[in-house]
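Notes for the structure review
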Amino acid sequence: MSTAGGWSPVREPRDPRSRADAPRTATPFVRLARVHALSAAGDATIAVALADSLFFSVEADAARSSVLLYLFLTLTPFALVAPLIGPAVDRAPGGRRLLIVLLNAGRALTAFFMIGNMDSRLLFPLAFAVLVLGKGYAVAKASIVPVTVRTEHQLVNRNSRLAVLSGVGGLAGGVPAWLIGRYAGADWVLGVATGVFLGSCLLAFRLPPAEVARRPSADQAGSAAAEIRGFGIRLAASGTAMLRGVLGFMTFLVAFGLREDAIWQVYLVGAFAMIGTLGGSAAAARMSAGAREESILQMMLLVPAAVCLLAVWDGGLKGAIAVALVVGLAAAAGKVAFDSVVQRDAPNADYGRSFGRFETRFQLSWVVGSALAVVPMSLRIGFILITLALSVAAILHLVGAKNVSRGKPPPSLPRHLPGRGPRRAPGGPRQGGGPAQRPESGRSPGPSRPPRPSGLS
């Protein structure tokens, strides 16, 4: 059964043996949590191996060049994720489970081939492959979450728990990987990553199949309520994109600002950022009990702006710790809220496309923010820039949310999705953007009808 916002849970068939004496089996969410925890641990081990090769083992000027190349590599996978993997998630029967299996298998195979090639020219193509597969997994995972809930009110809680597991899995994989890399070498780290991804692949076979719902009809897609929902998704995406950009900027600002003093300071700030990420993931579920997803996003824009303003007075290690803690918290909680907005308001048939395109936008924001931090600047100037950016984003989000609550998106809201032409009805003329409209019975062609507001822009 679909709700007005397009959200529709897809559940496994009821087992007739579901009695008190029947053997207890893991719920669909527990199965997904196990897969995701291992996936996060594998990502952390790969990140540890690459960090030593790209950043800490070279001089500062060379590190900036390596970081810029790495940032470019993190963006290019989305040339495949948005147009290919996202639609594949929505089209293939059971494709969300199947893709999770294949993507984790691909990451295991790629990590295996990286062994012995950390100093060769094959490193960057292999790192590119890992990034493509990792982003594809993130899209498939986000699309399968609605299968594990009974009502839309559980979405924030489920997304929050998965985000916490991601942080815990990252710590569980990253800390041993760092120790292994220090005493045994990066090749052993990659061997561990291969085994972890293989385990995640095997567990993914037990995920529930996710049937894709039918697309909404033209009348449903063009309704005023659907238009408001579509604008609400794009509004949430703009705030999340700003948080992601600030996170990237803060990460490399601190890394370059403190690496000349002592590497241990960079690790210390990174540890507090991880604590903030875990705290934000857990706090989102708590906040959802008394606030909607949109309100959570607003708070996550305002709080770090205020903390960064206070950190300007310190401009050193203490300020960096405070900023890393609160920005990590805000970015994690904001992403949980955004995922829940899409799963709540976007049509089930468009989950893959929605997450694929928005993840591309978020990664672009992260890359732009990180690239700005490569420019030499003091921590104090960086904190000022973060404060200004978050303050502007918070004001714009508050204005947009006020319009949504009134049921009136701004007049400047585009009537069609940028980058996509108007949809063509089966056997009919183009809709939504040109003079050729499909006339309705008894009516003259009216104004342009907006296409499906799934938040794909």
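Residues numbered from 1 in each chain as written. Predicted model: local features only at pLDDT ≥ 70, side-chain atom pairs only at ≥ 80, totals over all residues. Heavy atoms only, no water.

Moving on to the overall build of the protein chain. A count of helical and extended segments in the protein chain gives 14 helices and 0 strands. The buried share of the protein chain, taken over its 457 residues, is 50%. Once local pairs closer than 6 in sequence are excluded, the contacts in the protein chain between residues at least 24 apart make up 84%. Total accessible area on the protein chain is roughly 21,200 Å²; 64% of this is exposed by carbon and sulfur atoms. (Helix = DSSP H or I, 4+ residues; strand = E, 2+ residues; numbered from the N terminus. Buried < 20%, exposed > 50% of the residue type's maximum accessible area, 1.4 Å probe, protein only. Contact = heavy atoms within 4.5 Å. Areas by Shrake-Rupley, 256 points an atom, 1.4 Å probe, with all protein chains shown as cover.)

Turning our attention to the confidence of the model for the protein chain. A residue-level look at the protein chain finds 68% of positions with pLDDT of 70 or above and a mean pLDDT of 76. Within the protein chain, the lowest mean pLDDT, 46, falls on helix H8 (residues 218-221), and the highest, 93, falls on helix H7 (residues 186-204). Within the model, the stretch residues 16-20 combines pLDDT values under 50 with 1 contact to residues more than four positions away or in other chains. Contacts for the low-pLDDT stretch residues 217-224, under 50 throughout, to residues beyond four places or in other chains number 13 contacts. (pLDDT = per-residue confidence, 0-100.)

Right, let's talk about the nonpolar core for a bit. Counting 60 residues, the largest nonpolar core has Val323, Phe383 and Ile386 as the members making the most contacts within it. Within the residue set of this core, elements represented by two or more residues are helix H5 (123-144), helix H6 (155-183), helix H9 (224-258), helix H10 (263-287), helix H11 (293-311), helix H12 (317-345), helix H13 (351-374) and helix H14 (379-405). Examining the composition of this core, we find that 14 residues originate from one element, H9, more than from any other. Setting aside its immediate chain neighbours within four residues, Phe383 contacts Leu253, Cys308, Ala311, Val312, Gly315, Gly319, Ala320 and Val323. Residues Ala33, Val35, Leu133 and Leu207 belong to the second largest nonpolar core, which totals 18 residues. (Core = buried A, V, L, I, M, F, W, Y, C linked by side-chain atoms within 4.5 Å.)

Contact geometry of H11 with H12 gives a least axis separation of 9 Å together with a crossing angle of 165°. Overall, the two elements H11 and H12 adopt an arrangement that is roughly antiparallel. Regarding H11 and H12, the two cross each other, and that crossing is left-handed. (Axes fitted to C-alpha atoms, helices over the stretch in contact; angles between N-to-C directions. Parallel < 35°, antiparallel > 145°, perpendicular 65-115°, else oblique. Left-handed = near helix turned anticlockwise from the far one by under 90°.)

For H7, spanning 19 residues, the distance from its first C-alpha to its last is 27 Å, which sits close to the expected 27 Å at 1.5 Å a residue. Buried within H7 are the following residues: Val189, Leu190, Ala193, Thr194, Val196, Phe197, Ser200, Cys201 and Ala204. (Expected span 1.5 Å × (residues − 1).)

This next bit is on the side chain of Ser160. When you line up the elements, Ser160 lands in helix H6. According to the relative accessible area criterion, Ser160 is buried, its value standing at 2%. Among all residues touching Ser160, those that are not within four sequence positions of it are Ser281, Ala282, Ala284, Ala285 and Val336.

Bringing the packing of H6 against H7 into the picture now. Two elements in contact, H6 and H7, have axes separated by 7 Å at closest approach and are oriented at 145°. Residue-level inspection shows Ala177, Ile180 and Gly181 of H6 in contact with H7, the latter providing Ala186, Trp188, Val189 and Val192. Classifying every residue of the contact of H6 with H7 gives 6 nonpolar, 1 polar and no charged. (Nonpolar A, V, L, I, M, F, W, Y, C, P; charged D, E, K, R; others polar.)

Along the chain, Val101 falls in helix H4 (residues 95-114). The spacing of Val101 and Ser200 is 99 residues in sequence and 8.0 Å in space, taken between C-alpha atoms. Apart from the residues within four sequence positions on either side, Val101 is in contact with Cys201, Ala204 and Phe205.

The subject of this paragraph is H10. Between its terminal C-alpha atoms H10 stretches 36 Å, which fits the 36 Å expected from 25 residues at 1.5 Å a residue. Along H10, the residues classified as buried are Gln265, Val266, Val269, Ala273, Gly276, Leu278, Gly280, Ser281, Ala284 and Met287.

Turning to the packing of aromatic side chains, a few remarks are in order. Within this structure, the stated rule accounts for 6 aromatic pairs. Plain terms: the ring middles of Phe338 and Phe362 are 4.9 Å apart, the flat faces sit at 80° to each other, and that makes the pair edge-to-face. A residue pair is termed long-range when its members are at least 10 positions apart, and Phe338 in helix H12 and Phe362 in helix H13 qualify at 24 residues. Phe338 sits in the buried class, given a relative accessible area of 0%. Phe362 gets classed as buried once you look at its relative accessible area, which sits at 0%. In this structure an aromatic cluster arises from ring pairing among Phe338, Phe358 and Phe362. In this arrangement the basic side chain of Arg107 is found over the ring face of Tyr137, its NZ or CZ atom lying 4.8 Å from the centre. Between Arg158 and the ring centre of Phe29, over which it is positioned, the NZ or CZ distance is 4.8 Å. (Phe/Tyr/Trp six-rings, centres within 6.5 Å; stacked < 30°, edge-to-face > 60°. Lys NZ or Arg CZ within 6 Å of the ring centre and 35° of its normal.)

As for its placement among the helices and strands, Glu293 is situated in helix H11. Among the polar contacts listed, one links the side chain of Glu293 to the side chain of Arg344, at a separation of 3.0 Å. Setting aside its immediate chain neighbours within four residues, Glu293 contacts Val156, Ala337, Ser340, Val341 and Arg344. (Polar contact = N/O pair within 3.5 Å; in protein donor to acceptor, adjacent residues only side chain to side chain.)

In this section: the environment of Ala320. Along the polypeptide, Ala320 turns up in helix H12. Owing to a relative accessible area of 1%, Ala320 belongs among the buried residues under this scheme. For the pair Ala320 and Leu379, spaced 59 residues apart in sequence, the C-alpha to C-alpha distance is 7.6 Å. For Ala320, the contacting residues outside a window of four places in its chain are Val254, Leu258, Val269, Leu379 and Phe383.

Turning our eyes to something else, we now look at the pattern of salt bridges. One pass over the structure, following the stated rule, counts 7 salt bridges. Salt-bridge contacts for Asp339 lead to Lys335; the nearest nitrogen and oxygen are separated by 2.7 Å. With Asp339 and Lys335 both in helix H12 and 4 residues apart, the pair spans about one turn of that helix. What makes Asp339 buried here is its relative accessible area of 5%. Residue Lys335 is classed as buried on the basis of its relative accessible area of 17%. Here Lys335 and Glu359 are joined by a salt bridge, their closest N and O atoms 3.0 Å apart. Placement of the pair is Lys335 in helix H12 and Glu359 in helix H13, with a sequence separation of 24 residues. Across this residue pair, the class does not change: Lys335 and Glu359 are buried. (Salt bridge = Lys/Arg side-chain N within 4 Å of Asp/Glu carboxyl O.)

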